[in-house]
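What follows is each chain in one-letter form.
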Amino acid sequence: MKFLKASCCALAMATALALSSPVKAEDWSLAKAAEPFKGETINVIFLDRPGYRAIIKLLPQFEKETGIKVNYEIVPYENTREKEVLNFSSQGDLTVALVDLVWVGEFAENGWIVPVDHFTSDPSITDPKLDLKGFFPLLLDAFGTWGGTVYGLPFDNYSGLLFYNKCMLKDAGFDKPPATWDELLKTYAPKLTNKEKGTYAYVLQSRRGETQSADSFMRFLWPFGGSLLNKEFKSNLSSKESLDGLNFRQALAPYMPPGYVSFDHAEAVNALAQGQAAMLTEWSAFYSTLTDPKTSKIGDCLAVAPEPAGAAGRLPALGGFSLAVASQAPEEQQKAAWLFIQWATSDAIAKDYVEAGGVSGRTKVYEDPEIKAKYQFVEPLVQSWQKGVAVFRPRFPAWPAISEIIGEWGSKMQLGEVSVEQGAKEIGSRMEDVLQKEGYYDGKKKLLQ
Amino acid sequence: MSTSIEHANKTVAASAARNPSGKGPRLGHGRFVHVWFLAPAVLALLAIGTYPTIFAVVTSFHQYNLTRVRDGFPFVGYANYVSVLGDSSFWNTLLTTLEFFLVVMPIEIVLGFVIASLLHREGLGFLRSVARVTLVVPLATTYAVVGLVGRLLFNQDFGVLTQAFRAIGLDIDWLGSVGGAFAAIAIMDVWQWTPFCALIFLAGLTMVPGEIEEAARLDRASGLKLFWHIQLPFLLPGLTSLLILRSADILKLFDMIFTMTRGGPGSATELISIYIQRIGFRVFDLGTASAQAILLLILTIVLSRLYIRFLYREASA
């Protein structure tokens, strides 16, 4: 339903744009549009991840063409939201908001980001080729849309993928990766685990924090038919399906390297890169880390597939960031920022962006035979983005508080400090307390996630 | 400081006396001169100490969430304090902090005293000087760096300490198990702070008058008696300040643990400061976080008073 809404919204905007625009497509150019903003500086926060390193490589091209200076600061993911919230609540200097999909509700409800139709209504600063339908609908809906309004354009886009060491699988007698989680656990895991040699079938990043809540905990709810919340926004964690998923996560533990509960992305990727683990479910963004001989020994043994399916089908992890214009910025800077965001997420640079190590949210670039042949993550990625859950993690403002609760109790579950049932109950009741305070149960707030 | 101010006062007063045309003390002269000497320190203290503390006290009585600005910041009375005192996670993290203190402090005190005694002995002058300098190195290391180094030292695959313990038959899952992670942060804390204890004790030992120690040795007092009756009274003031400093320090210990374990796995290494940071800068509930911080401040003051009351004795020769 939300997906439909967002798509309709995008379609309506694109049509309105096409009809109302007095500027012909061939007359519009980025350089011309940027003329009034020459010399403006826009401030943005970037992460130390491949997608950002890719855009940094391409930035001189934008700055030369527009005369707009992009001032970026690289911040660790863990501190990004803190930095942005403090900046926005103190009317700081950020012009562009980097919006993780789980922050979109919070940023939009606080009025910190500007809806894109504020800019698309001005044809002088909107690229006629800005084709919102050209993004994967799932990404535009999940990363940039809140309550049916588009705020940000998908920029750094991830899907959970199964990265595996095909040589290890072949040695164990498998010529293809597991298609289902059940197969992974029952058929593959016992044959690929050799504790004496220190090799394990699978590794799951589970470090406390967003890694635990997003990458470890939520990954095992949706494919098993479970979910965090039911329709009334009450906890659904004690349902049979959710418990099945969480118990399944526990059952994988003997086939994972010791200490995996403290593994962040770096350690989990490293376990596959160094041949300690044969399979890893990880964000598509780490493909370039795994293919780089400086950071990975896996070489030609690396292969990529969509995440395995569960009882409810294939519902892989979904994550990523959009770029939105910060409402605190002065009007001129907002316009300059809008030009930057359009450029960074455009079809025009999508190929260069992918070749520089980024993962574009545009559909067209992945139809390019050259890109398809060169990057083996493309096919499973496109497949994963065809169908997915936009609310893989709820995107409402209460998520950070809930994520903290899951971070604590989800890892306690994995360590066996509490049983899965107890942990699910504990998270459920604490989460409901948070939602109660937010006003979801007394009709003060719409049940939007 | 006070002597120099008195001196400056006298100098200015004298010059005023030599200048009969002066029409009484003006700001910056005469009896106001001390104001100028004290002003920078007092202003700095007001800006970075007093104002934030008062702000925190005021905030702790309000609903103050930076991500809910539209709800305003209404006065809520004691509600934040009531919610903190009824929060089991607050008490659990406080208990973990107490456990951490009880584990690391005795080890640091004993090891610190042993090191101080060795350095206090006669002989090996050059080596002693080198040892004293090297003691400062852990102290000068930033907490966050200690945490990052700890993360590498205890890495399950290539960590030096993991391998060393494995060589002696102890295969411990350091950062991935509850006990292992707690032990790992304790080891890093002991590494960083034992030298501080050693230096404080060394300062105490050097204050023991040589003739008294010599007389005791001539009377054939045993090592234990020498320690108990002669050295300990000189060590107590140092020990008291050590306990005050370390108690406050452990209650606000954040960087090392955040970079090393982020409070996990589970809540195995979640000390109170990590919890307050979570409430303050993840949930952005600054009202509750301020109430927690104020309660910690009260706890620190009470502990300091207790240490002074029960441990502090002026040593006299």
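The rules behind these values
- Residues numbered from 1 in each chain as written.
- Chains lettered and ligands numbered in written order.
- Predicted model: local features only at pLDDT ≥ 70, side-chain atom pairs only at ≥ 80, totals over all residues.
- Heavy atoms only, no water.
- Helix = DSSP H or I, 4+ residues; strand = E, 2+ residues; numbered from the N terminus.
- Buried < 20%, exposed > 50% of the residue type's maximum accessible area, 1.4 Å probe, protein only.
- Areas by Shrake-Rupley, 256 points an atom, 1.4 Å probe, with all protein chains shown as cover.
- Domains from an automatic or database assignment.
- Contact = heavy atoms within 4.5 Å.
- Buried area = accessible area lost by both parts, 1.4 Å probe.
- Salt bridge = Lys/Arg side-chain N within 4 Å of Asp/Glu carboxyl O.
- Axes fitted to C-alpha atoms, helices over the stretch in contact; angles between N-to-C directions.
- Parallel < 35°, antiparallel > 145°, perpendicular 65-115°, else oblique.
- Left-handed = near helix turned anticlockwise from the far one by under 90°.
- Nonpolar A, V, L, I, M, F, W, Y, C, P; charged D, E, K, R; others polar.
- Pairing = 2+ DSSP bridges.
- Polar contact = N/O pair within 3.5 Å; in protein donor to acceptor, adjacent residues only side chain to side chain.
- Disulfide = S-S within 2.5 Å.
- UniProt positions renumbered as here; feature names shortened; annotations may be inferred.

Caption draft 1: Region of interest: the overall build of chain B. Secondary structure summary: chain B contains 13 helices and 0 strands in total. In chain B, buried positions account for 40% of the 317 residues. Total accessible area on chain B is roughly 17,400 Å²; 71% of this is exposed by carbon and sulfur atoms.

Caption draft 2: Here's a closer look at the domain arrangement of chain B. Residues and elements named next belong to chain B. For chain B, the assigned domains read domain 1 (2–59) and domain 2 (82–310). Relative to domain 2, the C-alpha centre of domain 1 lies at a distance of 39 Å. Counting residues at the interface gives 4 residues for domain 1 and 5 residues for domain 2. Carbon and sulfur atoms supply 80% of the area that domain 1 and domain 2 bury against each other, a total of about 290 Å² over both sides. Seen at the junction of domain 1 and domain 2, the total is 0 salt bridges.

Caption draft 3: Structural context of the packing of helix α3 (residues 50–66) of chain A against helix α14 (residues 331–344) of chain A. Residue and element names in this part refer to chain A. Following both chains from N to C, one finds α3 and α14 inclined at 125°, their axes separated by 11 Å at the closest point. By the criterion of interaxial angle, the relationship of α3 to α14 is oblique. Two packed elements cross with a definite hand, and for α3 against α14 that hand is right-handed. For the pair formed by α3 and α14, the contact residues are I55, L58, L59, Q61 and F62 on the first element and L339, F340, W343 and A344 on the second. When the residues that make up the contact of α3 with α14 are grouped by side-chain class, the tally is 8 nonpolar, 1 polar and no charged.

Caption draft 4: Spatial organisation of the pairing of strand β6 (residues 152–165) of chain A. Residues and elements named next belong to chain A. Where burial is concerned, most of β6 is hidden: 14 out of the 14 residues are buried. Across 7 bridges, β6 lies against strand β10 (residues 318–325) in antiparallel orientation. The residue of β10 that forms the bridge with P154 is S322. As paired elements, β6 and strand β8 (residues 277–283) share 5 bridges and run antiparallel to each other. Bridge pairing in β8 places L161 opposite E282. Direction of pairing for β6 relative to strand β9 (residues 302–306): antiparallel, over a ladder of 5 bridges. The residue bridging F163 from the neighbouring strand is V304, located in β9.

Caption draft 5: How the structure looks around the interface of chain A and chain B. Counting residues at the interface gives 36 residues for chain A and 33 residues for chain B. A combined buried area of about 2,900 Å² lies between chain A and chain B, and 42% of that area is made up of carbon and sulfur atoms. When the area that chain A buries against chain B is broken down by residue, the three leading residues are R207(A), R208(A) and E404(A), summing to 23%. The closest approach of N and O atoms between E404(A) and R282(B), which form a salt bridge, is 2.6 Å. Linking chain A with chain B are 19 residue pairs in polar contact (both at pLDDT 80 or more), by the criterion used here. Within the residue set of the side of chain A that touches chain B, elements represented by two or more residues are α4 (77–89), α5 (104–109), α12 (265–273), α18 (399–415) and α19 (420–438) of chain A. For the side of chain A that touches chain B, the element with the highest residue contribution is α18(A), accounting for 9 residues. A class-by-class count of the residues in the side of chain A that touches chain B yields 11 nonpolar, 9 polar and 16 charged.

Caption draft 6: Just the domain arrangement of chain A, in detail. Residue and element names in this part refer to chain A. Taken domain by domain, chain A holds domain 1 (2–157 + 319–386) and domain 2 (159–317 + 394–438). The C-alpha-based centres of domain 1 and domain 2 are spaced at 29 Å. Of the residues lining the interface, 28 residues belong to domain 1; the matching set on domain 2 comes to 25 residues. A combined buried area of about 2,000 Å² lies between domain 1 and domain 2, and 59% of that area is made up of carbon and sulfur atoms. The interface formed by domain 1 and domain 2 contains 0 salt bridges. Remark: the boundary between domain 1 and domain 2 carries 6 residue pairs in polar contact (both at pLDDT 80 or more). Sorting the residues of the side of domain 1 that touches domain 2 by element identifies α4, α5, α7 (137–144), β4 (145–146) and α17 (378–386) as the ones contributing at least two each. With 5 residues, the single largest contributor to the side of domain 1 that touches domain 2 is α17. Counted by class, the side of domain 1 that touches domain 2 contains 13 nonpolar, 8 polar and 7 charged residues.

Caption draft 7: Quick peek at the environment of I298(B). Considering the arrangement of structural elements, one finds I298(B) in helix α13 (residues 286–310). As a C-alpha pair, I298(B) and F32(B) span 266 residues in sequence and 36 Å in three-dimensional space.

Caption draft 8: Spatial organisation of the packing of helix α4 (residues 88–120) of chain B against helix α8 (residues 178–206) of chain B. All names here are of chain B. One way to put it is that α4 packs onto α8 with a least axis distance of 6 Å and a crossing angle of 45°. It follows that α4 is oblique to α8 by the angle criterion. Considering how the two elements wind past one another, α4 and α8 form a crossing that is right-handed. Classifying every residue of the contact of α4 with α8 by side-chain character gives 20 nonpolar, 6 polar and 3 charged.

Caption draft 9: The arrangement of the state of the cysteines in detail. All names here are of chain A. Here the structure, examined in full by the defined rule, presents 1 disulfide over all chains. Here C167 connects covalently by a disulfide to C301, the sulfurs 1.8 Å from one another. Across the S-S bond linking C167 and C301, the dihedral sits near -90°, which makes this disulfide left-handed. On the criterion of sequence distance, the pair formed by C167 in helix α8 (residues 166–171) and C301 in the loop between α13 (287–291) and β9 is long-range, its members being 134 residues apart. Judged by relative accessible area, C167 falls into the partly exposed class, the value being 29%.

Caption draft 10: The UniProt feature "domain: ABC transmembrane type-1" (unreviewed entry) in chain B, seen in detail. Following the UniProt record, the feature "domain: ABC transmembrane type-1" (unreviewed entry) maps to residues 94–307 of chain B here. Between the end C-alpha atoms of residues 94–307 of chain B there is a gap of 19 Å, over a span that is 78% helix and 0% strand.

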